[in-house]
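One-letter residues, chain by chain:
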Amino acid sequence: MRVCVLVLGLSLVLTVCVARSPYQAVLQHSRIRGRQQGPNVCAMQQLKGTNKKYFTNCKQWYHRKICGKPTMITYECCPGYEKIPGEKGCPAALPLVNIYDTLGVVGASTTQMYSERAQLREEVEGPGSFTFFAPSNEAWAALPTEILDALVSNVNIELLNALHYHMVSRRLTSEELRHGSSFASMYQDFHVHIHHYSNGIVTVNCARLIKPDQHATNGIVHVVDRVITAISNNVHALIDVDDDLETLRTAMAAAGLTAMLESEGQYTVFAPTNEAFEKIPQETLNRILGDPIALRDLLNYHILKHMQCAESIVSGTPMETLQGSVLEVGCDGDRITLNGKAIVTKRDQLATNGVLHHIDELLIPDSAKVLLELAEDSSVATATKLFVEAGLSSHLTGSEALTMLTPLNDAFTGSDTTMTPDFRKLMTNHILKEQLSSKALYHGQELETLGGLKLRVFVYRNNLCIENACIAAHDKTGRYAAMFTVDKLLTPPMGTVMDVLKADDRFSLLVGAVQTAGLTELLNQQGALTFFAPTNAAFDALPRDERDQLMRSRQQLQAVLRYHLGAGLLVSGGVASHTRVQPLQGEKLELGVRNYTVYVNKVPVADADLMATNGVVHAVNSIIRPLPLKLDREQADGPAAAFRPPASSRADSKSYRDDEMFQKVVRSRSSRTMTQ
């Protein structure tokens, strides 16, 4: 079994390397998948409940879905081959006949019939070299009755012209149907427009080639899934004559985009109808229409840089717009979706320089939105509501250059969100005084809030944090302001580490111990400390004799507390697997995260991120002990080592100036060296 998979994989790799075009690649992949059925058999994916079939690539083969709908695998002869009764597969090459006879063989008998009625038979039976994009029988049946009646009622002119437009007076294989190319048809040299997409789908005037490369003695036939018509108007001309696009036409003129849509190009325009504009709140619409920059961004967000026919879309794909950001263009059954919404109401309005798809909902890019509109996301709905309740709407809807730190809904779980003066002040401090990009932030940077506070930026290997709140999603950059989605409600620093401890009754024993150990000055001075602070419960958990001995010995107490103090400021969001922190005394502390809880030397942090001006406090309910020498550094469950004070020095270090020398002394006396 493993050998079979290996051989198949190697065949696929070689196939892709040999394939000369995207269509050839999917065709050869289909051949490989059909080999077990016999020679020259192609595996096709057929949409269940329809006759639509596709040659498959690897992704579609394994997903068994096209446009989100289930498919089934069918097998048929590859192009140019046929079955022989009693033999496996499709061993025989189709007999090479003229184009007229080929039409009858490849499922285009209606085109064959109309060719005879329009007196085209003699031409396509005779000498020459032609390419015939022949509509399938189903394509003719799908034509509106009035159009078909108009064609067949005037076979010598209208029908003949229509068929000639499907023909090019030279042989063009799928290999020569290159993306973006066009060829003069046999109807007054009007061009047919070719697009050869990376997924292997080839279109002519947005009609999909469903049976390409059917060779004939005097040319080649490509069966297509619709009847195509000559095009002579550019994209702007299509918009100009469409009453449903009157508002769009006015907006395009106001934004100065008319000339672009009249010029050469390969544009895809998702054209909002009048109804789509009417769905937008009038205040929002007036603001955008009155702002040339926002209006241009809005309209360019509806235009792709390349031409995308509906039939080329078989799954969701991010596509860049002229505005610069990305639209997720996909499909759901037979409907095109934009950013997951099936809002395309009319598709494939073809122009000489692109294609138009009508949509019934306006797409507003972030760059045209104010802060309040940026925050219209269910994942931050709680924060948005609280910003409004805090009386900050004028900042959220105005033209100030700001950045809003918007906590996720989960950040408020278990919190009292009653709008008190203190809570209002807290929400105000979630708005920064300038428009920022997270990519431009750097470690140690200070950011001023509307409330006048200075917030610090911390850059870690795994996270970018502002105080205790770490960025949880990509920036949203609006017309004037930006929004950072963060994982926690901000807790701005309100005092030194010592102030934090004194303000919390859980640390009353620790405060006394700090004072006894002579570390008060250290916890009050400027700097950056991470204190894994033992609570009263941690001291109470010690055996009484051990606790009494610890509290009586200044030197031992100082050593234990300094082992709980890390050099540098590390918030919980900066902790990743195997994070290591150098304490002020002793060997490095091992940190990890399990089930959203931070562990330090296997001791869980009970309350993280109590922010201070000179550090951060993480409450622990156990005294932290050094790990055994050979313990796996994964933060596994199990008992910690018996307590022993970290290696200490006689040096009486009262400030950071002494720490470097102190560590040298400790390391010189230590029997082992830990490396990060």
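Residues numbered from 1 in each chain as written. Predicted model: local features only at pLDDT ≥ 70, side-chain atom pairs only at ≥ 80, totals over all residues. Heavy atoms only, no water.

K.L.:
Break down the overall build of the chain for me, with residues and values.
P.N.:
Scanning the chain from N- to C-terminus turns up 26 helices and 35 strands. Here the C-alpha atoms of the chain give a radius of gyration of 36 Å, more than 25% beyond the 26 Å that 2.2 N^0.38 yields for 676 residues. If you line up the chain on its principal axes, its C-alpha atoms span 115 × 65 × 40 Å. The proportion of buried residues among the 676 residues of the chain is 51%. Once local pairs closer than 6 in sequence are excluded, the contacts in the chain between residues at least 24 apart make up 63%. Here the chain has roughly 31200 Å² of accessible surface; of this, 51% comes from carbon and sulfur atoms. One finds the centroid of the 65 positive side-chain charges in the chain at a distance of 11 Å from the centroid of its 71 negative side-chain charges. (Helix = DSSP H or I, 4+ residues; strand = E, 2+ residues; numbered from the N terminus. Rg over C-alpha atoms; globule rule 2.2 N^0.38 Å. Buried < 20%, exposed > 50% of the residue type's maximum accessible area, 1.4 Å probe, protein only. Contact = heavy atoms within 4.5 Å. Areas by Shrake-Rupley, 256 points an atom, 1.4 Å probe, with all protein chains shown as cover. Lys, Arg positive; Asp, Glu negative; His and termini not counted. Charge placed at Lys NZ, Arg CZ, Asp CG, Glu CD.)

K.L.:
Lay out the packing of aromatic side chains with the relevant residues and their values.
P.N.:
Evaluation of the coordinates by the stated rule reveals 4 aromatic pairs. For the pair Tyr23 and Phe55, a centre-to-centre distance of 5.8 Å together with 75 degrees between the ring planes defines the contact as edge-to-face. In this pair, Tyr23 is assigned in helix H2 (residues 22-34) and Phe55 in strand E2 (residues 53-55), connecting sequence segments 32 residues apart. As far as burial versus exposure is concerned, Tyr23 and Phe55 are alike and both buried. We note Arg594 situated over the ring of Tyr599; from NZ or CZ to the ring centre the distance is 4.2 Å. (Phe/Tyr/Trp six-rings, centres within 6.5 Å; stacked < 30°, edge-to-face > 60°. Lys NZ or Arg CZ within 6 Å of the ring centre and 35° of its normal.)

K.L.:
Go over the environment of Ser129 with me, naming the residues and quoting the values.
P.N.:
Within the secondary structure layout, Ser129 lies in the loop between helix H6 (121-125) and strand E7 (130-135). The spatial distance from the C-alpha of Ser129 to the C-alpha of Leu172 is 9.3 Å, given a sequence separation of 43 residues. Each residue touching Ser129, except ones within four places of it in the same chain, is listed here: Val168, Ser169, Arg170, Arg171 and Asn218. Of the polar contacts made by the side chain of Ser129, one reaches the backbone nitrogen of Arg171; its length is 3.4 Å. (Polar contact = N/O pair within 3.5 Å; in protein donor to acceptor, adjacent residues only side chain to side chain.)

K.L.:
Go over the pairing of strand E32 (residues 589-594), please, and point to the residues and values.
P.N.:
Pairing geometry for strand E31 (residues 579-581) and E32, over 3 bridges, is antiparallel. Bridge pairing in E32 places Arg580 opposite Glu590. Direction of pairing for E32 relative to strand E33 (residues 597-600): antiparallel, over a ladder of 4 bridges. Bridging across to E33, Gly592 finds its partner in Tyr599. From the end of E32 to the start of E33, which pair antiparallel, there are 2 residues, and Asn595 there has a positive phi angle of about 55 degrees. (Pairing = 2+ DSSP bridges.)

K.L.:
So what about the pattern of salt bridges? Which residues, and what values?
P.N.:
According to the stated counting rule, one finds 26 salt bridges in the structure shown. In this structure, the salt-bridge partner of Arg479 is Asp291, at a minimum N-O distance of 2.8 Å. With Arg479 in the loop between strand E27 (476-477) and strand E28 (482-486) and Asp291 in the loop between helix H14 (282-289) and helix H15 (292-300), the pair connects residues that are 188 residues apart, well separated along the chain. Grouping residues by exposure puts Arg479 and Asp291 together as buried. The shortest N-O distance in the salt bridge between Glu590 and Arg580 comes to 2.9 Å. With Glu590 in strand E32 and Arg580 in strand E31, this pair connects stretches of sequence that are 10 residues apart. The exposure classification of Glu590 matches that of Arg580, with both residues buried. The network of salt bridges with common partners includes Lys52, Arg208, Glu311 and Arg347. (Salt bridge = Lys/Arg side-chain N within 4 Å of Asp/Glu carboxyl O.)

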